Amino acid sequence: MALDERIYQQRREKLAAIEALGQPAYPYRYQPSISIPEILQQYGARPAEELERERISVVIAGRVMAIRAMGKAAFMQVQQHGRQLQIYVKKDAISDAAFERYRLTDIGDLIGVRGYLFRTRTGELSVHADDLTILTKALLPLPEKWHGLTDVELRYRQRYVDLFMNPEVREVFVKRSRVVQAFRRFLDGRGYVEVETPMLQPLYGGATARPFITHHNTLDIDLYLRIAPELYLKRLVVGGLERVYEINRNFRNEGISTQHNPEFTMLEFYQAYADYHDLMELTEQMFAFVAQEVNGTTRASFDGKDFDFADWQRLSMREAILKYWPEAAAPKPELADFADSARVGALVRRFNSAHSPHMPYDPNAPAGKTIADLFEAVAEEHLIQPTILYDFPLAISPLSKNKRGEEDQWVERFEVFIGGLEVGNAFSELNDPEEQRRRFEQQLRERERGDAEAHQMDEDYIRALSYGMPPAGGMGVGIDRTTMLLTDSRSIRDVILFPLLRPQKPATAEEADGQPE
RNA sequence: GGGCGCGUAGCUCAGACGGUAGAGCAUCUGCCUUUUAAGCAGAGGGUCCCGGGUUCGAGUCCCGGCGCGCUCACCA
C-alpha cells in the first residue's frame, strides 16, 4: 500500500475514534472569540506576569502545523490567516476526553482550542488549553515542515496547499486584493461607474490578439471569449456613462510566458471630454496612489531593479529610440529617419548590423509597425523607471485619434512601462465614425495580408460612434503585471491563483488510449 | 514552436565506473507534564515520470514521449 493511502486509512480510523468519543467527525460550526493575528497584535508585547494576573481567556481555531509531544503534555503550532500561535496541552489541565482528542490530532487538522494566554519558560506567548476540539481532520499528510512545498508545479496545481504552507504566497494574494481595491477606490473617488460588459462576444475587438472560440447551443452560434472590453465600454460612453470602468478577465489565445497567462485581469476606464494628456496626469497619480495603498510607499523593487511609482519620465516613442540607440550602431537616428519605409528599413539594417540578436524585419510591413518593433528592440528593456511612452504609429493603433497638428501617420496614444514591464495602454479615443470605418477596412486588408490578429469590422460599433461619442480618453491597465511589480513576483503565475497548466495525464493507460496525440 | 535544465518515498533531497534503492522530515510503536526543525529507541513506506533499446544486469547509458521551470520567438 502506498504511504499516502496508508496514512489516509489511519486517519479515517482516527476519525472513527473521534466519533466514538461522542464528537461529530465533521462539526457544523465553531465560534472563536478572537483570531490568531489579533492575539499576536494585542498581546504579543504583554509580559508574563501581566498575563498571569489577568488570565485572559480565548477561543481560537486554526490548522495544526506542528506538534511537539512529550507524553502527558504537548505543544502545537496552530495557524490562522497565515500566522501561528503555540498552544500547550497538559493532561492535568483538561478533561480525559479532551486529552484523548489531542492524542487523535494530526498535523494538518483544523482544531478549536479554548484556554488562557500565558508565556512559556522561554517567553513564547501561548494558549494554555482547557479544551480542544477537532473541527476537521486532514486525511492527507502535509508537506515537510522545514522546506515546505517548493516544487513549482505542485504549488500551482495544489494552490490550496501552497497557500497554507507558504505565508509569503498568501501575502501576495492578499496584496493583489488590495491592488484591485486601490484602483477601485481611486476611480470611484473620481465619479467613475463600474460596469460589466460581455465576456462572450459575437465579434472580438479592442486589441490585437487571437481569441478563444466557443459555442452557444441554443442559439447555435460560435462566440468569442473577449480579448478586451474596449468597444463595449465606449458604447457606454456614447450612452452617456461619461466615466466608466471595468475590472475583469480578458482571454487571449496566445503564448504562455512569465508575463502572459491566457486569461488575465485588466482594468479599462474611459473618461469623456478628456484626451491622452489628461490621462497621463491621471496615470501618474493613479499608480502612485495604488503603490502607496498597497505597500505604504511609492518605492518598489522588481527583479533587483529599484524605482519609484511617484517619479515618472515621459518620452515619445521616437525619442526613446534615439535615447537608447546603441553606440555600436552609430550614428544615432534623426527624427527625419522615421518619415518613410525606406529610411526606417535603413535604420533596422543599421541596428541589426551592430546588434545581436537581430530584430525581425518584414520589409512589406507598414513603416509604423517597423518603428514599433524597433522601439521594442532598442528601448523597451531600458524602461525601468516609470515611463509614459507616447505617440504611436497609426499602423498599430486602429482605435486612436490622429496626433493633432502632425503628419497623419502618428496617433495620440501612450503606453506605461515600469520595471521593464508594459503595464498600461491609453489613447485619445477615435470618435469619427467614418475614419473608424476606414481604420477597420485597413485592418481587414492587414488580415488578408496574413495578420491573424488584425481587427474585425464591427458595424454596430461604427453605428454607435455615428450617434456621437464625446471626445474621450481611455486606458487599460494590466492588474496582474501591476501586482507583479508591487509584490516583486517575477512570474505572472505567482500572482494568479490558478494559472493555466496542461492537465495531468489520465491515470491509466486505458484512458490514455484513444486520446489523439 | 526553438534552446537549456529538472522529474527517485507523502514532502525536501542524495544516489562515482551500470552490480539487490538511501537520508532527513512526516507516519506507526514504546519512553517522555514548558517544547521551539523537541529528544531517545525501534518499525513500516518506492510504477526511480512513461514506453522502447543496449547489456548477464539499467534509477544510472541510448532513442522516443509526457510534465514542469528558465529562456528566445509571439503577445499585454
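Just above, that's the structure.
A brief structural summary.

Basis of the calculations
- Residues numbered from 1 in each chain as written.
- Chains lettered and ligands numbered in written order.
- Predicted model: local features only at pLDDT ≥ 70, side-chain atom pairs only at ≥ 80, totals over all residues.
- Heavy atoms only, no water.
- Helix = DSSP H or I, 4+ residues; strand = E, 2+ residues; numbered from the N terminus.
- Buried < 20%, exposed > 50% of the residue type's maximum accessible area, 1.4 Å probe, protein only.
- Contact = heavy atoms within 4.5 Å.
- Areas by Shrake-Rupley, 256 points an atom, 1.4 Å probe, with all protein chains shown as cover.
- Lys, Arg positive; Asp, Glu negative; His and termini not counted.
- Charge placed at Lys NZ, Arg CZ, Asp CG, Glu CD.
- Pairing = 2+ DSSP bridges.
- Axes fitted to C-alpha atoms, helices over the stretch in contact; angles between N-to-C directions.
- Phe/Tyr/Trp six-rings, centres within 6.5 Å; stacked < 30°, edge-to-face > 60°.
- Lys NZ or Arg CZ within 6 Å of the ring centre and 35° of its normal.
- Core = buried A, V, L, I, M, F, W, Y, C linked by side-chain atoms within 4.5 Å.
- Near = heavy atom within 4 Å.
- Polar contact = N/O pair within 3.5 Å; in protein donor to acceptor, adjacent residues only side chain to side chain.
- Expected span 1.5 Å × (residues − 1).
- Arc of directions from axis to C-beta.
- Parallel < 35°, antiparallel > 145°, perpendicular 65-115°, else oblique.
- Left-handed = near helix turned anticlockwise from the far one by under 90°.
- Nonpolar A, V, L, I, M, F, W, Y, C, P; charged D, E, K, R; others polar.
- Salt bridge = Lys/Arg side-chain N within 4 Å of Asp/Glu carboxyl O.

**Considering the overall build of chain A**
- When its secondary structure is counted, chain A shows 16 helices and 18 strands.
- Each of the three principal axes of chain A carries a C-alpha extent, and together these read 90 × 60 × 50 Å.
- Out of the 517 residues belonging to chain A, those deemed buried represent 50%.
- Look at the contacts in chain A between residues 6 or more apart in sequence, and 67% of them connect residues 24 or more apart.
- When the accessible surface of chain A is split by element, carbon and sulfur atoms take 49% of a total near 25700 Å².
- Of the side-chain charges in chain A, 64 are positive and 79 negative, and the distance between the mean point of each set is 6 Å.

**Points about the sheet that holds strand S15 (residues 387-393)**
- Taken in spatial order, the eight strands line up as S6-S10-S11-S18-S17-S16-S15-S14 in an open sheet, and their pairing is mixed. Two strands lie at the open edges of the sheet, namely strand S6 (193-194) and strand S14 (313-316), each paired on one side alone.
- The strands touched by helix H9 (residues 276-295) are strand S11 (263-272), S14, S15, strand S16 (410-418), strand S17 (421-428) and strand S18 (472-478); relative to S16, the strand with the most contacts, the crossing angle is about 10°.
- Each of S15 and S16 is contacted by helix H12 (residues 367-378), which is oriented at about 155° to S15, the strand it contacts most.

**Brief notes about the sheet that holds strand S4 (residues 110-119)**
- Taken in spatial order, the five strands of this closed barrel run S1-S2-S3-S5-S4, and their pairing is mixed. Adjacent strand axes in the sheet meet at a mean angle of 55°, parallel and antiparallel pairs treated alike.
- Helix H2 (residues 36-43) rests against strand S1 (57-69), strand S2 (73-80), strand S3 (83-90), S4 and strand S5 (125-136) of the sheet, and its axis sits at about 90° to S3.
- On the sheet, helix H4 (residues 96-103) packs against S1, S2, S3 and S5 and is oriented at approximately 80° with respect to S5.

**What to know about the packing of aromatic side chains**
- For the structure shown, the criterion picks out 14 aromatic pairs.
- Between Trp325 and Phe351 the ring centres are 5.8 Å apart and the planes differ by 55°, which places this aromatic pair in the tilted class. Residue Trp325 is found in the loop between helix H10 (317-323) and helix H11 (341-354), and its partner Phe351 is found in helix H11; the two are separated by 26 residues along the sequence. There is no split in this pair, since Trp325 and Phe351 are both buried.
- Pairwise contacts between aromatic rings join Phe183, Phe287, Phe307, Phe309 and Trp312 into one cluster.
- It is Arg63 that lies over the ring of Phe164; its NZ or CZ is 4.1 Å from the centre.

**Here's the deal with the nonpolar core**
- The biggest cluster of nonpolar side chains holds 44 residues, and the ones touching the most others in it are Phe183, Leu267, Phe269, Phe287, Phe414 and Met475.
- Examining the composition of this core, we find that nine residues originate from one element, H9, more than from any other.
- In this view, Phe287 contacts Phe183, Phe309, Trp312, Val416, Ile418, Val423, Met475, Val477 and Thr482; residues no more than four positions away in its chain are not counted.
- Counting residues in hydrophobic clusters, the runner-up holds 32 residues, among them Ile18, Val89, Tyr102 and Val127.

**As for the protein's contact with RNA strand B**
- As a structural note, the neighbourhood of RNA strand B is formed by 57 residues, with Thr122, His260, Arg481, Arg493 and Arg502 the closest of them.
- Within the backbone of Asp151, a nitrogen or oxygen atom sits 2.9 Å from a phosphate oxygen of RNA strand B.
- Arg502 is positioned with one of its side-chain polar atoms (N or O) 2.6 Å from a phosphate oxygen of RNA strand B.
- For the surface near RNA strand B, the secondary-structure elements that each account for two or more residues are helix H1 (3-20), S1, S2, S3 and helix H5 (152-157).
- If one sorts the elements of the surface near RNA strand B by residue count, H1 sits on top with six residues.

**Examining helix H13 (residues 433-448)**
- With 16 residues, H13 should reach 22 Å at 1.5 Å per residue; the first-to-last C-alpha distance of 23 Å fits that figure.
- Among the residues of H13, those classed as buried are Pro433, Glu435, Gln436, Arg439, Phe440, Gln443 and Glu446. End-on, the buried residues of H13 take up no more than an arc of 155°, which puts them together on one face. Facing away from the buried surface of H13 by more than 90 degrees, the exposed residues are Glu434 and Glu448.

**Focus on the environment of Val294**
- Residue position: Val294 is located in helix H9.
- Each C-alpha atom of the pair Val294 and Val174 lies 9.6 Å from the other, and the pair is 120 residues apart in sequence.
- With residues up to four places along the chain from it excluded, the contact list for Val294 reads Lys175, Arg178, Val179 and Leu486.

**Some remarks on the packing of helix H7 (residues 167-188) against H9**
- Contact geometry for H7 and H9: axes closest at 9 Å, N-to-C directions at 140°. Accordingly, the angle class assigned to the pair H7 and H9 is oblique. Taken as a pair, H7 and H9 cross one another with a handedness that is right-handed. Touching Lys175, Arg178, Val179, Ala182, Phe183, Arg185 and Phe186 of H7 are Leu282, Gln285, Met286, Phe287, Phe289, Val290, Glu293, Val294 and Asn295, all from H9.
- Classifying every residue of the contact of H7 with H9 gives ten nonpolar, two polar and four charged.

**Observations concerning helix H15 (residues 479-487)**
- For H15, the buried fraction is high: nine of the nine residues fall into the buried class.
- What H15 keeps buried is the set Ile479, Asp480, Arg481, Thr482, Thr483, Met484, Leu485, Leu486 and Thr487.
- Immediately downstream of H15, the backbone of Asp488 shows phi near 50°, a positive value.

**Quick word on the side chain of Asp308**
- Looking at where Asp308 falls in the secondary structure, it is placed in strand S13 (residues 305-308).
- Overall, Asp308 belongs to the buried group, its relative accessible area being 14%.
- A distance of 2.8 Å separates a polar side-chain atom of Asp308 from the backbone nitrogen of Ala310.
- Not counting the four nearest positions on each side in its chain, Asp308 is found in contact with Thr298, Arg299, Gln385 and Pro386.

**Structural notes on the pattern of salt bridges**
- Under the defined criterion, the tally for this structure stands at 34 salt bridges.
- Ionic pairing is found between Glu153 and Arg157, a salt bridge with its closest N-O pair at 2.9 Å. In this pair, Glu153 and Arg157 are both assigned in helix H5, four residues apart and thus about one turn of the helix distant.
- Of the charged contacts, one joins Glu412 and Arg404 as a salt bridge, the two residues approaching to 2.5 Å between their closest N and O atoms.
- You can call Glu412 buried: its relative accessible area is 2%.
- In the salt-bridge network here, residues are joined through shared partners; they are Arg11, Lys14, Asp106, Asp109 and Lys137.

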